[in-house]
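Structural characterization, general
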Amino acid sequence: MPVLPGAEPYRHEGGEVGVLLCHGFTGSPQSLRPWAEYLATRGLTVSLPLLPGHGTRWEDMQITGWQDWYAEVDRELRALRDRCSRVFVFGLSMGGALALRLAAKHGEAVSGLVVVNPGNKVHGLAARTLPVSRHFVRSTKGITSDIAKQGSEEVGYDRIPLHAAHSLRTFFQLVDGDLPQVTQPLLLLHSAQDHVVPPADSARVLSRVSSTDVTEVLLEQSYHVATLDHDADRIFDESYTFIGRLAPGVEEGTAAGG
């Protein structure tokens, strides 16, 4: 299937500091493309992959699960580590959960994390019925484009395949168990109003990680897809400052350490 316009993966060869960006469930790289380009213009090496089953049609997600999505970002992280001295992992929503698992599993290979409205749990009564309902109902209403900014839209699916939603629920449970293994510096930004992921998910992440260098930022003007919303510039600037603090010399496209 052809990739939806705007949903293509993005890569940029820059300096010795790399950033892996992970998009959200039923979304696409488009939601993080401005962030990726912002980092690229500042000399960083950037990888923004398209997760399997995403960016085409929702039916393609029916045959994918968390193992496929995680394997993709795991490969990208290893590739970045091969050519960069330091690698940071950023993520939005489910992408935040992917970033947290990468940090838990790869340890010092990840220099720091930036997560925006990270997902931690599939909420509601419907979540508990997913193991059964997914065999009788193929999809439900989508969650894309929860954005306060007029005229800003997210490229993604208007339906959620329930087989994939069931896998996401399993993945969130795994990541929740991984959180105490996350020790890297963490910048967590979350929206005051989010119609997809409740504030409880960010609070849960902050309460369970073992990181001692933790910064929490409240985004007061954005909904869930804050990277395309009113607070986007703040997210971009805060994340770049975060990298600069941990990787001195990043302004010249280089960083100390290995």
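Residues numbered from 1 in each chain as written. Predicted model: local features only at pLDDT ≥ 70, side-chain atom pairs only at ≥ 80, totals over all residues. Heavy atoms only, no water.

In the nomenclature of an unreviewed UniProt entry, the protein chain corresponds to Alpha/beta fold hydrolase from the organism Streptomyces macrolidinus.

1. What to know about the nonpolar core
What tends to happen in soluble globular proteins is that the nonpolar side chains get buried as a cluster. Our working definition: What we call a nonpolar core is a set of buried Ala, Val, Leu, Ile, Met, Phe, Trp, Tyr and Cys residues that are connected through their side-chain atoms within 4.5 Å. Burial here depends on accessible area, computed with a 1.4 Å probe over protein chains only, as a share of the maximum for the residue type. Under 20% is buried, over 50% is exposed, and the range in between is partly exposed. Secondary structure counts use DSSP, requiring at least four H or I residues in a row for a helix and at least two E residues in a row for a strand, with both numbered from the N terminus. Any pair of residues with heavy atoms lying within 4.5 Å of one another is described as a contacting pair.
Ranked by internal contacts, the top residues of the largest apolar core, which has 41 residues, are Phe 25, Trp 69, Val 89, Leu 100 and Leu 113. Looking at this core, the elements with two or more residues in it are strand E2 (17–22), helix H2 (66–83), strand E4 (86–92), helix H3 (94–106), strand E5 (112–116), helix H5 (162–178) and strand E8 (186–191). Of all the elements, H3 adds the most residues to this core, at 8 residues. Aside from chain neighbours lying at most four places away, what touches Leu 113 is Val 89, Ala 99, Leu 100, Ala 103, Val 182, Pro 185, Leu 186, Leu 187 and Phe 242. Judged by nonpolar contacts, the second largest core, of 35 residues, contains Ala 40, Leu 48, Leu 187 and Val 250.

2. Points about the pattern of salt bridges
Stated formally: Here, a salt bridge means any Lys or Arg side-chain nitrogen found within 4 Å of an Asp or Glu carboxyl oxygen.
In this structure the tally under the stated criterion is 12 salt bridges. Across the pair Asp 176 and Arg 208 runs a salt bridge whose closest N-O atoms are separated by 3.5 Å. Note that Asp 176 is positioned in helix H5 and Arg 208 in helix H6 (residues 199–208), a separation of 32 residues in sequence. Overall, the relative accessible area of 13% leaves Asp 176 in the buried class. What makes Arg 208 partly exposed here is its relative accessible area of 26%. In this structure, Glu 238 engages Arg 234 in a salt bridge whose closest nitrogen and oxygen atoms are separated by 3.5 Å. Residue Glu 238 and its partner Arg 234 are located together in helix H7 (residues 232–246), separated by 4 residues, close to a single helical turn. When salt bridges that share partners are traced, they join Arg 101, Lys 105 and Asp 178 into one network.

3. Regarding the environment of Thr 212
Among the secondary structure elements, Thr 212 is positioned in the loop between H6 and strand E9 (214–219). Separated by 26 residues in the primary sequence, Thr 212 and Leu 186 place their C-alpha atoms 8.4 Å from one another.

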